[in-house]
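Here are the chains, one letter per residue:
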Amino acid sequence: MTSILEFDEDVEMFRSVVSRFNADVVAPRVEKMDEEEHIDPSIISALFETGLMAVETPEEYGGAGASFTAAVAIVEELAKCDPSVSVLNDVHNTLVNTCVRKWGSDYIKEKYLPQLSTDKLGAFALSEPSAGSDAFALRTRARKMSDGDFVIEGGKMWITNGAEAEIFVVFANAEPEKGYRGITAFVVEKPWGVKVVKKEKKLGIRASSTAVLAFDEVRVPKQNVLGIYGQGYKIAIECLNEGRIGIAAQMTGLAQGAFDRAVSYVFNDRQQFGKYVGEFQGMQFQIAQIASEIEAARLLLYNAARIKDAGGEFVKEAAMAKLIGSQVAEKTASKAVEWMGGVGFTRDETVEKFYRDAKIGAIYEGTSNIQLQTIARLIQKQYTLR
């Protein structure tokens, strides 16, 4: 018997690459990026150069042509070092690339996938001040011109990668009178007039940009409609379902990163009453409990990823993986700070950052309450006889 957490050679190769990437490229810059609340541009360039930004993209467009499981394994591994770098990679791969790859016309795929594979960062522009959990209450408008092109007017907020991105998947309502059935998705280039109005100052994942964007009469060619006109809501739903698995990967990796640092410390560095703190039974029981919960989160994560790769229905599994992953990340990071004592509470140690970074897992790409609602709705459907 083999563990379901044993992966094929491609996935293990990516894990090995990312482990070295973390040590050589990310780790030396984590503290400075967190303090300055800015991603080092060299890291973005290195992510592209290492082939980590087009994991599922077919080779003909410059990608690796690998599996979704490989993509989330990369997200998990990056998060062990810096969840900010992890979410930058996650949004680019599981949201932006996926949208362009699955719903783009031949024109869109041929034009944008090579750019997204080599040097252009992407962002997913859905959320607005009044459209968070109620994702379809969009006020951003797309006005159709006589020549068939569109003019987008409005604003977006909470946009991950917003400050650095050059290609945006933008959702706007082209026919507000039809409600959510008027929502259409577009591929928009930054030079066409996308303005970064503000970069949020956040509790955690500070190096990852979370931006407010303005679209002031941004003209978009008709060829840049993504998918079917008026069916942008379907694209958003499907992408966010996949994206939840990505966030589960980020949170699971974060938990493992905090655990690794703290457990190493209590078994090798911190001593009280003449022995290492990790040798006390009370501490060992806590460590065992957290290790078990991280393993459970990882099993949920890769169960959802493998169902998705196999073409099955994975919405409930994705919601469960994100819900539990975010809970385990918060609990683990909190315990890691406690286990390391006063040292863990200082900003000289990484677990303090993991603690701050963990909170976002319960909020973005669907709050924990939204995940519970999704799970409960699908359970009700399964058990209702009428």
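Note that the structure is a prediction, hence the values are computed from the model and not measured.

Caption draft 1: The environment of S130, seen in detail. Within the secondary structure layout, S130 lies in the loop between β1 (122–125) and β2 (141–144). Counting along the chain gives 133 residues from S130 to V263, while the straight-line C-alpha distance between them is 43 Å. The contact partners of S130, leaving out residues within four places of it in the chain, are A137 and R139.

Caption draft 2: Representation of the pairing of strand β3 (residues 150–160) in the model. The pairing of β2 with β3 spans four bridges and is classified as antiparallel. Among the inter-strand pairings, R143 is bridged to a residue of β3, identified as V151. Taking the residues that link successive antiparallel strands as the turn, the β2-β3 hairpin has five residues, and the phi of G148 there is positive, at about 95°. For β3 and strand β7 (residues 210–220), the ladder comprises eight bridges, and the chain directions are antiparallel. Looking across to β7, one finds that K156 is bridged to L213.

Caption draft 3: Molecular detail of unusual backbone geometry. Unlike most non-glycine residues, W158 shows phi in positive territory, near 65°. Of note, W158 is situated in strand β3. By relative accessible area, W158 is classed as partly exposed at 49%. In this structure, I205 is a non-glycine residue whose phi angle is positive, near 35°. Within the secondary structure layout, I205 lies in the loop between β6 (194–199) and β7. Taking the relative accessible area as the measure of exposure, I205 reaches 4% and is therefore buried.

What counts and how
Residues numbered from 1 in each chain as written. Predicted model: local features only at pLDDT ≥ 70, side-chain atom pairs only at ≥ 80, totals over all residues. Heavy atoms only, no water. Helix = DSSP H or I, 4+ residues; strand = E, 2+ residues; numbered from the N terminus. Contact = heavy atoms within 4.5 Å. Pairing = 2+ DSSP bridges. Buried < 20%, exposed > 50% of the residue type's maximum accessible area, 1.4 Å probe, protein only.

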